[in-house]
Amino acid sequence: MKKYTHAWLAMMAMKRIEKAKIPARQQDDAKALITWFKNYRDFVLSGAWYPDSVFKDMSTSHIVKYKPDASGTSGSFRVMPPTLQMYRLGLTSDMYGKPYTLEKRHNICDRCEAFTESLIDSFKILTMENEGSPIVPSNNHIAMRFFILSHYIADCHMPLHCDARSFYNKNEVHGFIEDEWDKQVRSSYCIDEDNERFFYDPEGYPLKNIAMTELMKYVEEDLEKREFVWSWGTGCNNTWDYMSGISQYSYLMSYRLVPADHIPDEISKNLYMNSSAYKDHFLEYSKVILGDAVESIAKVWLHAWVRYRDWFRDTELAYFKAQQKQADNNLKTANKIIDNYPADKEKQAGKVKDSRSSLDAKQQDYDSTIAKGRNADKKAEALEKARTKLAEAEEKLARLEADYKEAQASLENLKALLLAAQIQVKRKEAEIKRYADSNSGI
Ligand SMILES: [Zn+2]
């Protein structure tokens, strides 16, 4: 697909997340994603075009090539969400369920999966790192990666990207179809040529021209009308599984778009334009392809975002629980000091008493030695030791009392802190419970 088509699809996906009726479980998160996106949408054109303009990994990562093959080992096709039109059409294809082989070196599904995971990781790093940390990714950078991801997802919906036929007639058909779509995007919206971006409407989406093509109108209307299904499809658990399913039905779609009764290498643009596949069905198939591409980008984006948000909520809960534990420990320590005080005090007072008697005895011993005119150096040493021991015992007694007083004074405060921490944990748990809908497996 071409530059403006990619940017437009990303914009339409954003609009889809805002306008579609998102299931209750993901609604708050969808709103938060749109709010976040609106600050960074100016990167959409460069971001969605980055894979073609900079990465240039078209020969491996923008495609996955299927070939009908009677001796192929795989004939399985994934069960996708029923709202995908390419899937519904695929189920009625003659080639559905027939064996195929896959060319090994292509990895568009891996690319989509890796980008999704790295988006989530980047948000986690952004959350955990302090502001100004040299390793913290910026929101601009993450937004850019959302748009890059949209490119790969969109490419997988371009049927010829999933078809092993070569169409080597200077790739005319491939280029022609993509040009057709790009022309329609450019003619249906107002484009700020100087800044290479769309002019925006008051809601921040591409500003429509008065005259729009039927295809563009269809996609705009479809994004509000189509039911938003959260699930990836039966047996699909992540971006990779989902994109693998998309590629299978994209492959089936390719044989509708360019039927097998032509010899691929011989299809020129003119031949294609005069075929009934083009004349009778191109518009219909384009609606299916572009409508589904918007759907898939919105779905993969929202899943990634919700996974980050779920992690964020869990991380907050863990933090609040640690605070609660600390508050609980502080209160327990204070209570222990208060409870043990009478016994500790009695014990320590006994030690003080003993030390004092010992000191008195040493004093008498010293005095009598001096009175007898004998050397009293050793006695003086013992006397000094007894004096120190008494001072220490007295100091410990004073400290016990001070600790007791402090514990008593802080008791109410510590109880209030614990209560506040408990309320915070309960609130967060209740919030998470709201999101922990069993039907919402990610
Ligand atoms: Zn591409």
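As the structure is a prediction and not an experimental result, all values here were calculated from the model.

Let's shift gears to the packing of helix 7 (residues 139–157) against helix 10 (residues 239–257). Interhelical geometry of helix 7 versus helix 10 gives an angle of 35 degrees and a closest axis separation of 8 Å. From helix 7, Ile153, Cys156 and His157 reach across to helix 10, where they touch Met243, Ile246, Ser247 and Ser250.

Attention shifts here to the coordination of the zinc ion. Coordination sphere of the zinc ion, protein contribution only: His62 (ND1), His151 (NE2) and Asp155 (OD), at 1.9 to 2.2 Å. In primary-sequence terms, the residues that donate to the zinc ion follow H-x88-H-x3-D. Pair noted here: histidine 62 is in the loop between helix 4 (58–61) and strand 1 (66–68) and aspartate 155 is in helix 7, with a separation of 93 residues, a long-range link. Assigned by exposure class, histidine 62 and aspartate 155 land together as buried.

Looking now at the packing of aromatic side chains. The relation between two aromatic rings is expressed through the spacing of the ring centres and the mutual angle of the planes. Counted under the stated rule, the structure contains 38 aromatic pairs. Between tyrosine 251 and tyrosine 255, the aromatic rings sit 5.8 Å apart at their centres with planes inclined by 85 degrees, giving edge-to-face as the arrangement. With tyrosine 251 and tyrosine 255 both in helix 10 and 4 residues apart, this pair spans about one turn of that helix. Grouping residues by exposure puts tyrosine 251 and tyrosine 255 together as buried. Every member of this aromatic cluster is reached through a ring pair, and the members are Trp36, Phe37, Tyr40, Phe123, Phe146, Phe147, Trp301, Trp305, Tyr308, Trp311 and Phe312.

Turning to helix 2 (residues 24–38), a few remarks are in order. Turn by turn, an α-helix covers 3.6 residues, leaving residues three or four places apart pointing in a common direction. Taking 1.5 Å as the rise per residue, helix 2 with 15 residues should run 21 Å; its terminal C-alpha atoms sit 22 Å apart, in good agreement. Looking at the buried positions of helix 2, the neighbouring elements they touch are helix 1 (3–19), helix 6 (108–128), helix 7, helix 12 (276–371) and helix 13 (377–435).

A word on the pattern of salt bridges. Under the counting rule described, the total for this entry stands at 33 salt bridges. Between arginine 105 and glutamate 103 there is a salt bridge, with its nearest N and O atoms 3.9 Å apart. Note on arginine 105: relative accessible area 55%, which makes it exposed.

This paragraph deals with the nonpolar core. If you look at the biggest cluster of nonpolar residues, it comprises 101 residues, and the most contacted ones within it are Trp8, Trp36, Ile177, Tyr272, Leu290, Trp301 and Leu302. Considering each element in turn, this core owes the most residues, 17 residues, to helix 12. Not counting the four nearest positions on each side in its chain, tyrosine 272 is found in contact with Val173, Phe176, Ile177, Leu257, Val258, Ile267, Tyr278 and Phe282. Counting 9 residues, the second largest nonpolar core, distinct from the first, contains Ala327, Ile338, Leu414 and Ala421.

What follows is about the domain arrangement of the protein. Once the domains are mapped, the protein shows domain 1 (3–313) and domain 2 (322–439). Here domain 1 and domain 2 have C-alpha centroids that lie 68 Å from each other. When the two sides are added together, the surface that domain 1 and domain 2 hide from each other amounts to roughly 550 Å², 52% of it contributed by carbon and sulfur. Taken as a group, Arg25, Asp28 and Arg313 account for 92% of the area that domain 1 buries against domain 2, more than any other trio of residues on that side. Aspartate 28 is the salt-bridge partner of arginine 434, the closest N and O atoms lying 3.6 Å from each other. Taken together, domain 1 and domain 2 are joined by 0 residue pairs in polar contact (both at pLDDT 80 or more). Mapped by element, the contributors of at least two residues to the side of domain 1 that touches domain 2 are helix 2 and helix 12. Partitioned by chemical class, the residues of the side of domain 1 that touches domain 2 number no nonpolar, no polar and 5 charged.

This part takes up unusual backbone geometry. Keep in mind that most residues, glycine aside, have a negative phi and that most peptide bonds are trans. If you check the backbone angles, lysine 56 has positive phi at about 50 degrees while not being a glycine. Mapped onto the elements, lysine 56 comes out in the loop between helix 3 (44–55) and helix 4. Phi angles above zero are rare outside glycine, and glutamate 196 is one such case at about 50 degrees. Looking at the element boundaries, glutamate 196 is found in the loop between strand 3 (191–192) and strand 4 (197–198).

The next thing to look at is helix 9 (residues 214–225). Helix length check: helix 9, at 12 residues, gives a terminal C-alpha distance of 16 Å against a target of 16 Å (1.5 Å per residue), a fit within 8%. Regarding helix 9, the residues found buried are Leu215, Met216, Val219, Glu220, Asp222 and Leu223. Buried residues of helix 9 fall within an arc of 165 degrees about the axis and therefore sit on the same side. Where helix 9 is buried, its residues touch helix 1, helix 5 (85–91), helix 8 (172–188) and helix 12.

This part covers the state of the cysteines. Evaluated as defined, the whole model comprises 0 disulfides. A disulfide-free cysteine, cysteine 109 has its sulfur positioned 5.2 Å from the sulfur of cysteine 156, the nearest such atom. The structure places no disulfide on cysteine 112, whose sulfur is separated from the nearest cysteine sulfur, that of cysteine 156, by 6.3 Å. Judged by relative accessible area, cysteine 112 falls into the buried class, the value being 0%.

What counts as what
Residues numbered from 1 in each chain as written. Predicted model: local features only at pLDDT ≥ 70, side-chain atom pairs only at ≥ 80, totals over all residues. Heavy atoms only, no water. Axes fitted to C-alpha atoms, helices over the stretch in contact; angles between N-to-C directions. Helix = DSSP H or I, 4+ residues; strand = E, 2+ residues; numbered from the N terminus. Contact = heavy atoms within 4.5 Å. Donors = N, O, S within 2.8 Å, 3.2 Å for Na, K, Ca; no water. Buried < 20%, exposed > 50% of the residue type's maximum accessible area, 1.4 Å probe, protein only. Phe/Tyr/Trp six-rings, centres within 6.5 Å; stacked < 30°, edge-to-face > 60°. Expected span 1.5 Å × (residues − 1). Salt bridge = Lys/Arg side-chain N within 4 Å of Asp/Glu carboxyl O. Core = buried A, V, L, I, M, F, W, Y, C linked by side-chain atoms within 4.5 Å. Domains from an automatic or database assignment. Buried area = accessible area lost by both parts, 1.4 Å probe. Polar contact = N/O pair within 3.5 Å; in protein donor to acceptor, adjacent residues only side chain to side chain. Nonpolar A, V, L, I, M, F, W, Y, C, P; charged D, E, K, R; others polar. Arc of directions from axis to C-beta. Disulfide = S-S within 2.5 Å.

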